[in-house]
Amino acid sequence: MIQRLIKNLCLGLLLIHIGVVSSLAQKNTNSILLHNATVIDGRSHIKPYQASILIQDGFIRAISKKKIKTDRNVQEIDCTGKYIVPGLFDAHIHLATIDLSDLEKARSATDRILENMLQHGITTVRDMAGNAPFLAQYKQEIKTGAKAGPDIFYAAQFAGPEYFEMFSQGSRIKMGTSPWERAVSDTTNIDQVVQQAKAAGVTAIKTYAEMSRELLEKIVRAARKENLLVWSHATIYPIKPSDAVSLSVNSISHAADVIFEQIPSDSLTISYAWKRVYEGMKVDPDILNPFFTQMKRNNVFFDPTVFHATNNKLDYALDILKLAHQSGVKIVAGTDWIYPENNDMVPLYDEALLYQDRAGMSRLQVLESLTYNAAQVTGLHDRGYLKKGLRADMLILDKDPLADLRSLFEPAKVIQAGRIVK
Ligand SMILES: [Zn+2]
């Protein structure tokens with residue numbers, strides 16, 4: 001985990017280049033009729049169906065199998081032979097862990113990353129730790145249309161002081177002292193730091209490393225009081241995945257870390273755990289299946305970040321994802337990976353392909369992990385599927401995504417909050 005974060009930060013630095021930000025033409029239309037499409041809902045139990053969708057003032061006003069009558073002011077798009085799906089999520093990214101000392105550079109790189117995400121159909125992201133004011137500004141600019149990009153929801157990172165000390169070594173900046181990046185111990189006033197995180201605009205507390213079960217329990221209780229979610233690392237050291245799950249955190253991240261459920265708590269340190277992995281520790285279904293059953297029962301979502309894991313040669317993460325999926329755990333697609341600043345394909349496609357090819361998920365289930373489940377884990381009940389009254393975030397696709405997932409990531413049109421943004 002530490003290695004991963006360091007790697008992310010290093011790669012993040014590499015991502016900063018000077019370049020030209022292309023401006024995205026935004027058609028501002030109040031009413032759009034998408035006529036005669038194959039609608040794929042986002043919830044995997046609903047079969048695709050033929051319908052037309054009327055969008056008004058940013059929301060879905062009607063979905064009907066019959067012809068929808070409209071007046072002349074409505075922009076009509078013939079979707080015969082086309083497919084409509086909800087806008088996609090990447091539910092595990094870090095947009096603001098890059099070097100922000102040169103803000104202009106950082107914003108130039110971020111502008112291009114966000115615009116490319118949107119062009120590939122990503123209309124919402126869950127950011128799992130980073131500089132909150134930086135993210136808050138983008139969120140606002142995207143909302144007003146000043147910038148093009150996905151809607152952003154973000155977390156405050158909480159971890160033990162040892163974690164931040166280890167990480168601050170060699171740096172002049174003391175880490176763990178801001179509302180969105182907080183060192184916490186048994187003597188911290190947890191209610192207060194959770195309130196401060198909330199004031200920084202976060203949706204959730206991300207619990208990260210080096211804390212006791214008692215401390216995690218306090219954080220979960222304080223977060224609930226403030227209507228915040230808790231998104232946890234699978235393993236917090238010495239807290240095991242089953243400790244976090246027994247406290248009903250909203251999600252756990254990283255399939256590769258779930259294997260540490262197999263290590264006794266009294267020896268669960270970061271260095272010992274990874275040593276065991278590099279020695280070739282094997283996935284043990286006898287331990288992990290009951291764990292996933294508990295996860296399902298407690299309604300804890302799972303963002304396995306397997307593209308990240310396989311890039312780091314941790315292929316056993318795929319076996320863990322497969323067990324989780326077979327146990328009925330709700331899977332959420334997130335990459336925890338670097339996004340291109342040019343027009344290249346997004347890593348979310350690689351993540352989705354692994355779900356299909358290596359974890360036994362159907363394409364409808366993969367779509368659900370990219371839409372409905374991702375919205376639910378972010379606490380968003382206004383999007384992630386297609387129903388009257390929801391926010392109009394959707395993609396128009398030329399090709400059937402249930403024949404080839406790539407189609408999801410090459411949308412002909414992207415509609416975000418009722419606006420055509422591609
Ligand atoms: Zn992460």
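Heads up: the structure comes first, above all this text.
Parameters and conventions
Residues numbered from 1 in each chain as written. Predicted model: local features only at pLDDT ≥ 70, side-chain atom pairs only at ≥ 80, totals over all residues. Helix = DSSP H or I, 4+ residues; strand = E, 2+ residues; numbered from the N terminus. Rg over C-alpha atoms; globule rule 2.2 N^0.38 Å. Buried ≥ 20, exposed ≤ 12 C-beta atoms within 10 Å, placed from the backbone. Core = buried A, V, L, I, M, F, W, Y, C linked by C-beta atoms within 7 Å. Pairing = 2+ DSSP bridges. Arc of directions from axis to C-beta. Contact = placed C-beta atoms within 7 Å. Axes fitted to C-alpha atoms, helices over the stretch in contact; angles between N-to-C directions. Parallel < 35°, antiparallel > 145°, perpendicular 65-115°, else oblique. Left-handed = near helix turned anticlockwise from the far one by under 90°.

Peer 1: Summarise the overall build of the protein; cite the residues concerned and give the values.
Peer 2: The helix and strand inventory of the protein stands at 15 helices and 17 strands. Relative to the compact-globule value of 22 Å for 422 residues, the protein shows a C-alpha radius of gyration of 21 Å, a close match. Oriented by its inertia axes, the alpha-carbon framework of the protein measures out at about 70 × 50 × 40 Å. The proportion of buried residues among the 422 residues of the protein is 50%.

Peer 1: Residue-level account of the nonpolar core, with values.
Peer 2: For soluble globular proteins, nonpolar side chains are generally found buried alongside one another. Core analysis: the largest hydrophobic core is formed by 134 residues, its most contacted members being Ile84, Ile205 and Ile219. Looking at which element gives the most residues to this core, the answer is strand 8 (residues 151-159), with seven residues.

Peer 1: Please set out the pairing of strand 3 (residues 59-64) residue by residue, giving values where relevant.
Peer 2: Pairing geometry for strand 2 (residues 49-56) and strand 3, over five bridges, is antiparallel. Of the residues in strand 3, the one forming a bridge with glutamine 56 is phenylalanine 59. In textbook terms, the turn of a hairpin is the stretch between consecutive antiparallel strands, and for strand 2 and strand 3 this stretch comprises two residues, one of which, aspartate 57, has a positive phi near 50 degrees.

Peer 1: Talk me through helix 5 (residues 190-199); I want residue IDs and the actual numbers.
Peer 2: Residues that lie three or four places apart on an α-helix share one face, since the helix turns once every 3.6 residues. Looking only at helix 5, the buried set comprises Ile190, Val194 and Ala197. Seen from one end, helix 5 has its buried residues packed into an arc of 55 degrees, which puts them on one side. Residues Gln192 and Ala199 are exposed on helix 5 and point more than 90 degrees away from its buried face. One or two residues past the end of helix 5 sits glycine 201, with phi positive at roughly 90 degrees.

Peer 1: Tell me about the environment of proline 86, residues and numbers included.
Peer 2: Structurally, proline 86 can be placed in strand 5 (residues 83-86). Distance from proline 86 to leucine 367, taken between C-alpha atoms, is 9.0 Å for residues 281 residues apart in sequence. Setting aside residues no more than four positions away along its own chain, proline 86 makes contact with Gly42, Thr371, Arg383, Gly384, Tyr385, Leu386, Asp393 and Met394.

Peer 1: Residues and numbers for unusual backbone geometry, please.
Peer 2: The residue after tyrosine 237, namely proline 238, is reached through a cis peptide bond having omega 0 degrees. Phi is positive for asparagine 36, close to 60 degrees, though the residue is something other than glycine. Its place among the elements puts asparagine 36 in strand 1 (residues 31-39). Residue asparagine 36 is classed as partly exposed on the basis of its C-beta count, with 17 C-beta atoms lying within 10 Å. Residues other than glycine seldom take positive phi values, yet asparagine 227 does so here, at roughly 60 degrees. Tracing the sequence through the fold places asparagine 227 in the loop between helix 6 (213-225) and strand 12 (229-233). A tally of 9 C-beta atoms within 10 Å means that asparagine 227 is categorised as exposed.

Peer 1: Just give me the short version of the packing of helix 10 (residues 285-297) against helix 12 (residues 316-326), but keep the residues and values in it.
Peer 2: Packed helices, taken two at a time, are described by the angle their axes make and the gap between the axes. Between helix 10 and helix 12, whose axes approach to 9 Å, the crossing angle comes to 45 degrees. By the angle between their axes, helix 10 is oblique relative to helix 12. Remark: the crossing between helix 10 and helix 12 carries right-handed chirality. Contact residues: Pro285, Leu288, Asn289 and Phe292 in helix 10; Ile320, Leu323 and Ala324 in helix 12.

Peer 1: I'd love a proper account of the pairing of strand 15 (residues 394-397), names of residues and values included.
Peer 2: Within a regular beta strand, the side chains point alternately toward one face of the sheet and then the other, so they alternate between its two faces. Because side chains alternate across strand 15, one face comprises the buried residues Met394 and Ile396, and the other comprises Leu395 and Leu397, equally buried. As paired elements, strand 5 and strand 15 share four bridges and run antiparallel to each other. Within the sheet, the bridge partner assigned to isoleucine 84 lies in strand 15 and is isoleucine 396. By the bridge criterion, three bridges tie strand 15 to strand 16 (residues 413-416) in an arrangement that is antiparallel. Across the sheet, isoleucine 396 pairs through a bridge with lysine 413, a residue of strand 16.

Peer 1: So, the environment of aspartate 357: which residues are in play, and what are the values?
Peer 2: Inspection of the secondary structure puts aspartate 357 in helix 13 (residues 347-358). Classification of aspartate 357 as exposed rests on a count of 11 C-beta atoms within 10 Å. Counting along the chain gives 177 residues from aspartate 357 to tryptophan 180, while the straight-line C-alpha distance between them is 37 Å.

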